[in-house]
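Chain and residue survey
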Amino acid sequence: MFKEILARAAKDYGTPLSDEQLAQFTRYYELLVEWNEHVNLTAITDPEGVAVKHVIDSISACAAAPFSDGTTVLDIGTGAGFPGLPLKLFVPAIRLTLMDSLNKRIRFLQAVTDALHLNGVTCVHARAEEVARDQAYREQFDIVCARAVARLPVLAEYAMPFVRLGGHFLALKGKAFAEEAAEAKHAVKVLGGRGIDIREVHLPGLSDKRAVLCIEKAMPTPKPYPRKAGTPAKSPIL
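Numbering of residues begins from 1 in every chain and follows the order in which that chain's sequence is written. For a predicted model such as this one, the threshold for reporting local features is a pLDDT of at least 70, and the threshold for listing and counting side-chain atom pairs is 80 or more; totals across whole chains, interfaces and linings nevertheless cover every residue. Note that the side-chain values use all heavy atoms of the structure and ignore hydrogens as well as water.

So, about the pattern of salt bridges. One side chain can pair with another of opposite charge once the charged atoms of both are near each other. Put simply, a salt bridge is a Lys or Arg side-chain nitrogen that is within 4 Å of an Asp or Glu carboxyl oxygen. Here the structure, examined in full by the defined rule, presents 15 salt bridges. The partner of Glu30 in a salt bridge is Arg27, and the shortest N-O contact between them spans 3.3 Å. One end of the pair is Glu30 and the other is Arg27, both in helix H2 (residues 19-36) and three residues apart, which spans about a single turn. Buried, partly exposed and exposed residues are distinguished by accessible area as a fraction of the type maximum, computed with a 1.4 Å probe on protein chains only: under 20%, between the cut-offs, and over 50%, respectively. On the basis of relative accessibility, which here comes to 39%, the residue Glu30 falls in the partly exposed class. Owing to a relative accessible area of 34%, Arg27 belongs among the partly exposed residues under this scheme. One salt bridge connects Glu216 with Arg194, and the closest N-O pair in it is separated by 3.4 Å. Here Glu216, found in strand E7 (residues 210-216), pairs with Arg194, found in the loop between helix H9 (185-190) and strand E6 (197-201); they are 22 residues apart in sequence, far enough to count as distant. Through salt bridges with shared partners, one network takes in Asp57, Arg147, Asp208 and Arg210. Secondary structure counts use DSSP, requiring at least four H or I residues in a row for a helix and at least two E residues in a row for a strand, with both numbered from the N terminus.

We now examine H2. Look at H2: 26 Å from first C-alpha to last across 18 residues, which is about the 26 Å you get at 1.5 Å a residue. For H2, every residue scored as buried is listed here: Gln21, Leu22, Gln24, Phe25, Thr26, Tyr28, Tyr29, Leu31, Leu32, Trp35 and Asn36. Looking at the packing, one finds that the buried side of H2 touches helix H1 (2-13), helix H3 (47-59), helix H4 (84-90) and helix H5 (103-115). Given the number of residues in a helix, its expected span is that number minus one, multiplied by 1.5 Å. Two residues qualify as a contact provided that any one of their heavy atoms is within 4.5 Å of a heavy atom in the partner residue.

Geometrically, a pair of aromatic rings is defined through the distance of the ring centres and the angle of the planes. Only the six-membered ring of Trp is used, alongside the rings of Phe and Tyr, when aromatic pairs are assigned; centres must lie within 6.5 Å, and planes under 30 degrees apart are stacked while those over 60 apart are edge-to-face, with the rest tilted. Applying the stated criterion across every chain, the model contains five aromatic pairs. Between Tyr137 and Phe141, the ring centres sit 6.4 Å apart and the planes meet at 25°, which makes this aromatic pair stacked. Grouping aromatic residues by their ring pairs yields a cluster made of Tyr28, Trp35, Phe82 and Phe108.

For our purposes a nonpolar core is just a set of buried Ala, Val, Leu, Ile, Met, Phe, Trp, Tyr and Cys residues, chained together by side-chain atoms within 4.5 Å. Ranked by size, the top nonpolar core spans 52 residues in total, and within it Leu6, Phe25, Tyr28, Phe67, Leu85, Phe108 and Leu170 carry the most contacts. Sorting elements by how many residues they give to this core places H2 first, with seven residues. Membership of the second largest hydrophobic core comes to 33 residues, among which are Met160, Phe162, Ala171 and Ile237.

Residues Phe82 and Pro83 are joined by a peptide bond in cis, for which omega reads 10°. Within the secondary structure, Pro83 is located in the loop between strand E1 (72-76) and H4. For the bond from Tyr225 to Pro226, the omega torsion is 0°, close enough to zero to count as cis. Turning to its location among the elements, Pro226 is positioned in the loop between E7 and helix H10 (231-234). Of note in the backbone geometry, Glu139 takes a positive phi value of approximately 55° without being a glycine. If you trace the backbone, Glu139 turns up in the loop between helix H6 (128-131) and strand E4 (141-147). Taking relative accessible area as the criterion, Glu139 reaches 22% and is therefore assigned partly exposed.

Spelled out as structure tokens, the structure:
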């Protein structure tokens, strides 16, 4: 059932999936539902909801930045693996790092990675605010993406330190995307971003508005950022 729903949704969105991809996404869905019974991964578990609101929504990021062979992608606060894992299944040649602060979620992501025999995927149990000071991670990624983590001024402080010069930060946002983009203009500039490109997303069968906010890294992020855990949320750059 999930396989057929996803196949139709992907076709309607203009991103048809191969039989192999549909099989991988179906196994991912099965593991998501199974693990969600004892690990809090997502409130959305129905086939239609996962297919459209999770998988197709995640894939929508591909239109905002160049995902290609060897592109290094970091998904911060990945939770159940969105948008990172759908992006990996859609563009297998990317090199993906999934980062989350809860080890239970990391164990789930590792289980999915193993079950699908995915190469080029690293699962990291860490807080973005702390790892961003590690030179092995700071300004090392072509693309950093995040979905449903925090409002954009806060999220930009978590994400921008990881983006290499000339790379992109992609924030997948819901109906308040325009408000968040306006709110984050100063923060983006402070953190080294060139500006905010808004790419609206219309998911099949849904009337709600969504967008991918794309920020190109033009300057190095100043060393004080990100600030220690908790500070960005309490005192965002405005």
